[in-house]
Amino acid sequence: MATLRADPWQERLEDVLAACDVAFLRTIADHLLRARSHWPADDLRDRIAQALANPPLVDRRLRDLPTAAQRLLQVLAVNSRPDGRLSSFIEILAAVDDSPGLEALGALWNYGFLFPVERPANKRWRPPDLVAETLEAWDPRLFVPPPVLHRARLLKLDWPQLPQHLPNRPEIREADGLEFPIRLAASWQIVGTNPLRLTQRRDFYKRELTRLRQDPLLNAPFADGVIQPPDLGMWVIDWATALGLLIERDGTTEAGVWRDHWQVPLPELIRELWCALLEVTRWCPERGWQPARERPNPFAAVYPLALALMFHQPDEVWLSVREVGQWLSQHHPFWGHDKDGEPWAAKLLLGVFFPLRLVQVAPAADDDWLVRLTDLGRWLAGGRRPEQESLAELPTMIVQPNYEILLLRQGLAPRLLSDLSRFARWQSIGSACLMTLDADSVYHGLESGLECEDMLRVLQRHALREIPENVMTALRTWSKKRDRVLIYRECVIVECTSAAELDEALRRGLIDVKLTDRLGLVAEEDRLDYRQIRLVAHRDYLDPPERCLTFSDDGLELHVDVVRSDLLVEAELQRFADPVESGTKGRCFRLTRSTLRRALSQEWTIADLDRWLLQRAGQPLSPAARVLAAPDHSLTIRAQSCWVVRVAESEIADGLLQWSSTKELIRERLGPTALVVAADNVPRLQQCLAEVGQHLVIEFLP
Amino acid sequence: MNPAEKSRLPVKIHRRVSLILTEDTPLAEEIRACRKLDQDILGRLSDRVLLIRPGRVEAIVDELRRMGHTPRVISSPE
């Protein structure tokens, strides 16, 4: 019997019971426990949870339910998942019972057999008033506690019996169930290479739709098909998204991760596909791709209804596809009791259930087809488990020297599909499938976490013949190519105070990779052994740069503040300054003519240096450094012979500059009390001063 | 100072650093020669080590792949 995944639902039940309105808890207690005592709310929650796990009690209460509610539970029991939308529950109720379904839903609430999946945010939960207006705006996910569904399967209910038929030819066909797993695996690869952009209505853009409609892999004809469903490409994408193989992020559908359900036998994977199929909302067998719906997809209710209807027929009985379709369309409210049946029944049973290996098909008269559940289909609906498919790794492929892999479907298992899809490119899907190996596909395999040896192991285990030597060599060469460029997303750089200490850190295994003479890399901070280091300072790479340099008095040395410095400071400093022996003052760099000229001859300019130093030292290049940085013969520096006349006070200098006799003799004022006079004019100045009774003292300085 | 304390190496740690480590210098030069890549490179620690501007790892990876390189992105300890 298929086992429902109960654990998460038990937690959810406890969670939602804790959020229930106390008055409603008492209603449940009245119906489920037949409580006469007035227990506190916490006691009530515990007792309700215990009662729902008590099979005899659940059996008794199930028998008290209206028939419609019993049938709803039986349909939900074939789902392999206990949750669904309220709208689907109502549609199933309407299909399985002619009486209005709201009464049955009310009974399920009151017995504690139906709860919301999402816990209400800010208020105590109680069942809603189920009026049409409410449903239009509010269509919550609900769930039935799994133990209740287990017991509901055992209820003896009268299900409608459809006419039995016999095939007109003994051609019974059963698919291998691999059509969809292979396409889903290919979709991961297709979307991984080219993510799909989504519109605001979760539709694909026109170009993407065209691409998906024309994709030769996703739309490849079924190897053993009767009917090809419409818009197969889009359906597979939507299905893969529901399965978690693809993810929607920031308006784009991207490749997701291979989950554990690809590591199980095929029947288990098909059960996962079935569960995910109920989540496919944008595609249906009737109209194909239809993302903009005004009402929920009716097939979320049709899938379990069809499976339950066939499951409750006698074993081995063949049913007409047309008659199954007629029953569904006559009873499901979406089609308004259509008496003629719908062509979608063939697409559903022959285009969805058959390739999924849920039904066998056989030809009938009048171009009709007959169907009956396979062992797998019966197991999915609650029957006996089919014979366990082996997980043994059977040889099922031929690797050819031209890097092609020929896959035979007989031995294909979900695990092999997922492994191969990660490092080999799908080329064609058919009764035998073709994949190829190339540098790019191997690179994607490595990126997904596989090692070269993992890939070789997969090929060797499943190959019918020995792997060609050139393929193995190419795989190893392509794998090595990836190590030419390593990108560390978020690593830790350890900065040592000297090269010797970095070597010591390497010797102790503290550093993974040596980057420079003082810098080492550790891929993950957790691996850093803090017992062996003393943290002088730490810095986050995302922090903005700080001022961490100071100029020496001569303007030619830059001292580094180790606490504030960032990674780039020293690397960039070395482009225009040379490190000098640090001694006790910390690390220091000296500007020389050669270092400055070196920087200027590359991509730096004086303006760049000024900008960089303003950010890191708070001042531009020092005047001394500017002199050193100046190109050869670019500065105009003249030495001229002249006399400096010094006076005791600035007023005297002012007077000499104002008096017309001396004014013309003075060439320049150097300062408040210093004037420059040309050598030729000194005798005249002496004479002028003598005329006014002053004496010019002539001095020759050494 | 006890021996254990003495043997502890004084270090400064730079956390959350994004960088490219190339196999050889010409490869790093090739990366810097690409204008699209160079604008996301913050600087060079050595001939083979380039610092990536914060938040630009994905852009760098995409561009490298577009150029035909197959960079190995290391996000967690191997």
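Fair warning: this is a prediction, and the values are worked out from it, not measured in the lab.

(A) Structural context of the sheet that holds strand β15 (residues 432-436) of chain A. Residues and elements named next belong to chain A. Taken in spatial order, the four strands line up as β12-β13-β15-β14 in an open sheet, and their pairing is antiparallel. Here the strands that pair on one side only, and so sit at the sheet edges, are β12 (397-399) and β14 (425-428). Between one strand axis and the next, the sheet turns by 25 degrees as a mean value, whatever way the strands run. Of the pairings in the sheet, the one linking strand β13 (residues 404-408) to β15 comprises five bridges and is antiparallel in character. Of the residues in β15, the one forming a bridge with Ile-405 is Met-435. Along the sheet, helix α18 (residues 414-423) makes contact with β12, β13, β14 and β15, crossing β14 at roughly 100 degrees.

(B) View of the confidence of the model for chain A. Overall, the prediction assigns chain A a mean pLDDT of 88, with 93% of residues at 70 or greater. A low-confidence stretch, residues 1-6 of chain A (pLDDT under 50), is modelled with 25 contacts involving residues beyond four sequence positions or located in other chains.

(C) Summary view of the pairing of strand β21 (residues 557-560) of chain A. All names here are of chain A. Taken together, the three bridges between strand β20 (residues 549-551) and β21 define a ladder with antiparallel strand orientation. Following the sheet pairing, Phe-551 is matched in β21 by Leu-558. Across three bridges, the pairing between β21 and strand β23 (residues 588-590) is antiparallel. Residue Glu-557 lies in a different strand from β23, and its bridge partner there is Arg-590.

(D) Spatial organisation of the packing of aromatic side chains. Residue and element names in this part refer to chain A. In total, this model carries 23 aromatic pairs over all chains according to the counting rule given. Centre to centre, the rings of Tyr-403 and Trp-478 are 5.5 Å apart; their planes meet at 50 degrees, and the pair counts as tilted. Of this pair, Tyr-403 sits in the loop between β12 and β13 while Trp-478 sits in helix α21 (residues 469-481), placing them 75 residues apart in sequence. The class for Tyr-403 is partly exposed, based on a relative accessible area of 25%. Centre to centre, the rings of Trp-604 and Trp-612 are 6.5 Å apart; their planes meet at 80 degrees, and the pair counts as edge-to-face. Accessibility expressed as a relative area gives 10% for Trp-604, which makes it buried. Judged by relative accessible area, Trp-612 falls into the buried class, the value being 8%. An aromatic cluster is defined as three or more aromatic residues linked by ring pairs; in this entry it consists of Trp-274, Phe-299, Tyr-303, Phe-334, Trp-335, Trp-344 and Phe-353. For Arg-47, the ring lying beneath its charged end belongs to Trp-39, and the centroid distance is 3.9 Å. A cation over an aromatic ring shows up here: Arg-197 above the ring of Tyr-205, its NZ or CZ 4.4 Å from the ring centre.

(E) Highlighting the sheet that holds β23(A). Residues and elements named next belong to chain A. Sheet architecture is open: four strands sit in the order β20-β21-β23-β22, paired in antiparallel fashion. Because the sheet does not close on itself, it has two edges, and the strands there are β20 and β22 (578-580). The sheet shows a mean angle of 35 degrees between the axes of neighbouring strands, taken without regard to direction. In this fold helix α25 (residues 606-617) packs onto β20 and β21, with an angle of close to 110 degrees to the strand it touches most, β20.

(F) Spatial organisation of unusual backbone geometry. All names here are of chain A. A positive phi angle is found at Asp-250, which is not glycine, with a value near 50 degrees. In this structure, Asp-250 sits in the loop between β5 (246-249) and β6 (252-255). Classification of Asp-250 by relative accessible area gives exposed; the value is 75%. Here the phi dihedral of Glu-316 falls at roughly 65 degrees; this positive angle occurs in a residue that is not glycine.

(G) Local environment of the interface of chain A and chain B. In this complex, chain A contributes 56 residues to the contact, which on the side of chain B involves 47 residues. Interface area for chain A against chain B, summed over the two sides, is near 5,300 Å², with a carbon-plus-sulfur share of 55%. By the criterion of area lost to chain B, the three top residues of chain A are A:Ile487, A:Arg489 and A:Tyr541, representing 17% of everything that side buries. Taken together, the links from chain A to chain B amount to seven salt bridges. In this structure, A:Glu447 and B:Arg65 form a salt bridge, with 2.9 Å as the shortest nitrogen-oxygen distance. Linking chain A with chain B are 37 residue pairs in polar contact (both at pLDDT 80 or more), by the criterion used here. Contributions of two or more residues to the side of chain A that touches chain B are made by α19 (439-447), β16 (485-496), α22 (499-507), β18 (519-522), β19 (533-540) and α23 (567-573) of chain A. The element that contributes the greatest number of residues to the side of chain A that touches chain B is β16(A), accounting for twelve residues.

(H) Just the packing of helix α10 (residues 179-193) of chain A against helix α12 (residues 232-243) of chain A, in detail. All names here are of chain A. Relative orientation of the contacting elements α10 and α12 amounts to 85 degrees, with a least axis distance of 9 Å. Considering their axes alone, α10 and α12 lie roughly perpendicular with respect to each other. Contacts between α10 and α12 involve Phe-180, Arg-183, Leu-184, Ser-187 and Val-191 from the first element and Leu-232, Trp-235, Val-236, Ile-237, Trp-239, Ala-240 and Leu-243 from the second. Residues that form the contact of α10 with α12 fall into these classes: ten nonpolar, one polar and one charged.

(I) Seen up close, the packing of α10(A) against α18(A). Residue and element names in this part refer to chain A. Two elements in contact, α10 and α18, have axes separated by 9 Å at closest approach and are oriented at 25 degrees. Judged by the angle between their axes, α10 and α18 are roughly parallel. Between α10 and α18 the crossing geometry is right-handed. Between α10 and α18, the residues in contact are Pro-181, Ile-182, Ala-185, Trp-188 and Gln-189 and Leu-417, Ser-421 and Arg-422, respectively.

(J) Looking closely at helix α20 (residues 452-462) of chain A. Residue and element names in this part refer to chain A. Those residues of α20 lying buried are Cys-452, Met-455, Leu-456, Val-458, Leu-459 and His-462. Within α20, the buried residues cover an arc of 155 degrees as seen down the axis, which keeps them to one side. Lining the buried residues of α20 we find β12, β13, α18, α19 and α21.

(K) The state of the cysteines, seen in detail. In total, this model carries zero disulfides over all chains according to the counting rule given. The thiol sulfur of A:Cys548 is not disulfide-bonded, and the nearest other cysteine sulfur, from A:Cys588, lies at 13 Å.

Cut-offs and rules
- Residues numbered from 1 in each chain as written.
- Chains lettered and ligands numbered in written order.
- Predicted model: local features only at pLDDT ≥ 70, side-chain atom pairs only at ≥ 80, totals over all residues.
- Heavy atoms only, no water.
- Pairing = 2+ DSSP bridges.
- Helix = DSSP H or I, 4+ residues; strand = E, 2+ residues; numbered from the N terminus.
- Axes fitted to C-alpha atoms, helices over the stretch in contact; angles between N-to-C directions.
- Contact = heavy atoms within 4.5 Å.
- pLDDT = per-residue confidence, 0-100.
- Phe/Tyr/Trp six-rings, centres within 6.5 Å; stacked < 30°, edge-to-face > 60°.
- Buried < 20%, exposed > 50% of the residue type's maximum accessible area, 1.4 Å probe, protein only.
- Lys NZ or Arg CZ within 6 Å of the ring centre and 35° of its normal.
- Buried area = accessible area lost by both parts, 1.4 Å probe.
- Salt bridge = Lys/Arg side-chain N within 4 Å of Asp/Glu carboxyl O.
- Polar contact = N/O pair within 3.5 Å; in protein donor to acceptor, adjacent residues only side chain to side chain.
- Parallel < 35°, antiparallel > 145°, perpendicular 65-115°, else oblique.
- Nonpolar A, V, L, I, M, F, W, Y, C, P; charged D, E, K, R; others polar.
- Left-handed = near helix turned anticlockwise from the far one by under 90°.
- Arc of directions from axis to C-beta.
- Disulfide = S-S within 2.5 Å.

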